[in-house]
Amino acid sequence: MKTRTIGDVEVSAIGLGGMPMSIEGRPDRERSIKTIHAALDEGITFIDTADAYHLEAGEVGHNEELIAEALRSWDGDASAVLVATKGGHLRPGDGSWTLNGHPDYIKQAARESLRRLGGDAIGLYQFHRPDPEVPYADSVGAVRDLLDEGIIRMAGISNANPDQIREAQDILGGRLVSVQNQFSPAFRSSEPELRLADELGIAFLPWSPLGGISSAGELGSRFEPFKDVADARGISPQVVALAWHLAQSPHAIPIPGSSRPETIRDSVTAVDVELTPEELQALNAA
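Computed from a predicted model, the values in this text were never measured in an experiment. Every chain is numbered independently, its residues counted from 1 as its sequence is written. In keeping with the predicted nature of the model, local features appear solely for residues at pLDDT of at least 70, side-chain atom pairs appear and are counted solely at 80 or more, and the whole-chain, interface and lining totals rest on all residues. As a rule here, side-chain values come from all non-hydrogen atoms in the structure, and water together with hydrogens is ignored.

(A) How the structure looks around the overall build of the chain. Numbered from the N terminus, helices here are DSSP runs of H or I no shorter than four residues, and strands are runs of E no shorter than two. A tally of regular secondary structure across the chain gives 11 helices and 11 strands. Here the C-alpha radius of gyration of the chain, 18 Å, is about what a compact globule of 286 residues would show, namely 19 Å. Throughout, a contact is declared for two residues whenever any of their heavy atoms are within 4.5 Å. Contacts spanning at least 24 positions in sequence make up 73% of the contacts within the chain whose residues lie at least 6 apart. All accessibility values rest on the Shrake-Rupley procedure with a 1.4 Å probe; residue burial counts only the protein chains present in the view. Of the accessible surface of the chain, which amounts to about 11,800 Å², a share of 47% is contributed by carbon and sulfur atoms. Distance between charge centroids for the chain: 2 Å, based on 25 positive and 43 negative side chains. The globule rule is 2.2 Å times the number of residues to the power 0.38, and the radius of gyration it is compared with is taken over C-alpha atoms. Charge counting treats Lys and Arg as positive and Asp and Glu as negative, with His and both chain ends excluded. The location of each charge is read from NZ of Lys, CZ of Arg, CG of Asp or CD of Glu.

Listed below in structure tokens is the structure:
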């Protein structure tokens, strides 16, 4: 497995996104555990989750607990696995997503996440999404306090624009290690954030790198150049898309969501795909 870095931690160049294992259409617990174990067996050492990855109002942290269980039951050494979680997004149980960026809530949510995940501190904690009702500096300030208190080891932000990235870096005293934004062949408007991450030397973590749960399977039919490259190489369009992500920046670490062992096994093969300049040109223009 090829590696990249988040802060001072070396992780697999491709991570595992846990969301599909806990929201609508989720598989049974056994298949989810097998999926996480398959990822770990293939060398993945970075897993992304959030306390809001659940269905019912009473099961906050469902995905965090699932990942913690899988790490405990895996027969390998889980100490090298970096788990990133997020707080500030909520699911009241009616299918909607709401926001709470109040500092007291962020601190409480982080402590609850730590309890579910276990260990001495959360490896990477990310403010999930800006709350228009709360000054961004206040929300990120809560993350800074968690970092200072040792509740979290590293700090990141998600769904942020360039100004917010710079503001977060300032508030955190230069300790911002990652930005997690939506980015995929279908959604490229986060390219300014990707380039700023390059400039700052921090990790860029594309979420929904294959276009989202409902669209990932159609990637090849929606974007013909990705299918053409896939057909020529005898690989899946999804693998081509992940290789395209990796080629965008040495700081990009895509986190494809998965709920089946076979899909994450396919995804990890992207680390060995070296796209030619001609292929990249065609994919960038798709």
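(B) Region of the structure containing the pattern of salt bridges. For this analysis, a salt bridge means a side-chain nitrogen from Lys or Arg found within 4 Å of a carboxyl oxygen belonging to Asp or Glu. Here the structure, examined in full by the defined rule, presents 18 salt bridges. For Asp-148, the salt bridge goes to Arg-175, with nearest N and O atoms at 2.9 Å. With Asp-148 in helix H4 (residues 136-149) and Arg-175 in the loop between helix H5 (162-171) and strand S10 (176-180), the pair connects residues that are 27 residues apart, well separated along the chain. Taking the relative accessible area as the measure of exposure, Arg-175 reaches 35% and is therefore partly exposed. Ionic pairing is found between Asp-163 and Arg-166, a salt bridge with its closest N-O pair at 3.9 Å. Placement of both Asp-163 and Arg-166 in helix H5 is noted, with a separation of 3 residues, approximately one turn of the helix. Under the scheme applied here, a residue whose accessible area is under 20% of the maximum for its type counts as buried, over 50% as exposed, and between as partly exposed, the area being computed with a 1.4 Å probe on protein chains only. A residue is classified by how much of its surface remains accessible, and Asp-163, at 59% relative accessible area, is exposed. For Arg-166, a relative accessible area of 44% gives the class partly exposed.

(C) View of the sheet that holds strand S4 (residues 46-48). The criterion for strand pairing is that DSSP finds at least two bridges linking the strands in question. Read from one edge of the open sheet, 7 strands run S3-S4-S5-S8-S9-S10-S11, paired in parallel fashion. On the outer flanks of this sheet lie strand S3 (16-17) and strand S11 (203-204), each paired with one strand and no other. Inspection of the sheet shows S4 paired to strand S5 (residues 82-87) by 3 bridges, in the parallel sense. Directly across from Phe-46, in S5, lies its bridge partner Leu-82.

(D) The packing of aromatic side chains, seen in detail. Aromatic pairs are defined between Phe, Tyr and Trp rings, using the six-membered ring for Trp, whenever the two ring centres lie within 6.5 Å; interplanar angles under 30 degrees are classed as stacked, those over 60 as edge-to-face, and all others as tilted. If you walk through the whole model with that rule in mind, you get 5 aromatic pairs. Ring geometry for Phe-183 and Trp-244: centres 5.6 Å apart, planes at 5°, overall stacked. Taken together, the residues span a long stretch of sequence, with Phe-183 in the loop between S10 and helix H6 (191-200) and Trp-244 in helix H9 (residues 237-248) at a distance of 61 residues. One exposure class covers both Phe-183 and Trp-244, and it is buried. Here the aromatic rings of Phe-226 and Trp-244 are separated by 5.8 Å at their centres, their planes lie at 80°, and the arrangement is edge-to-face. Taken together, the residues Phe-226 in helix H8 (residues 224-233) and Trp-244 in helix H9 connect sequence positions 18 residues apart. Assessed through its relative accessible area of 0%, Phe-226 is described here as buried.

(E) Structural context of H9. How far a helix is expected to stretch is found by multiplying one less than its residue total by 1.5 Å. Taking 1.5 Å per residue, 12 residues should reach 16 Å; H9 reaches 17 Å between its end C-alpha atoms and fits that length. Within H9 the residues assigned to the buried category are Pro-237, Gln-238, Val-239, Val-240, Ala-241, Leu-242, Ala-243, Trp-244, His-245, Leu-246 and Gln-248. Here the buried face of H9 lies against strand S1 (3-6), H6, helix H7 (219-222), H8, helix H10 (261-268) and helix H11 (277-284).

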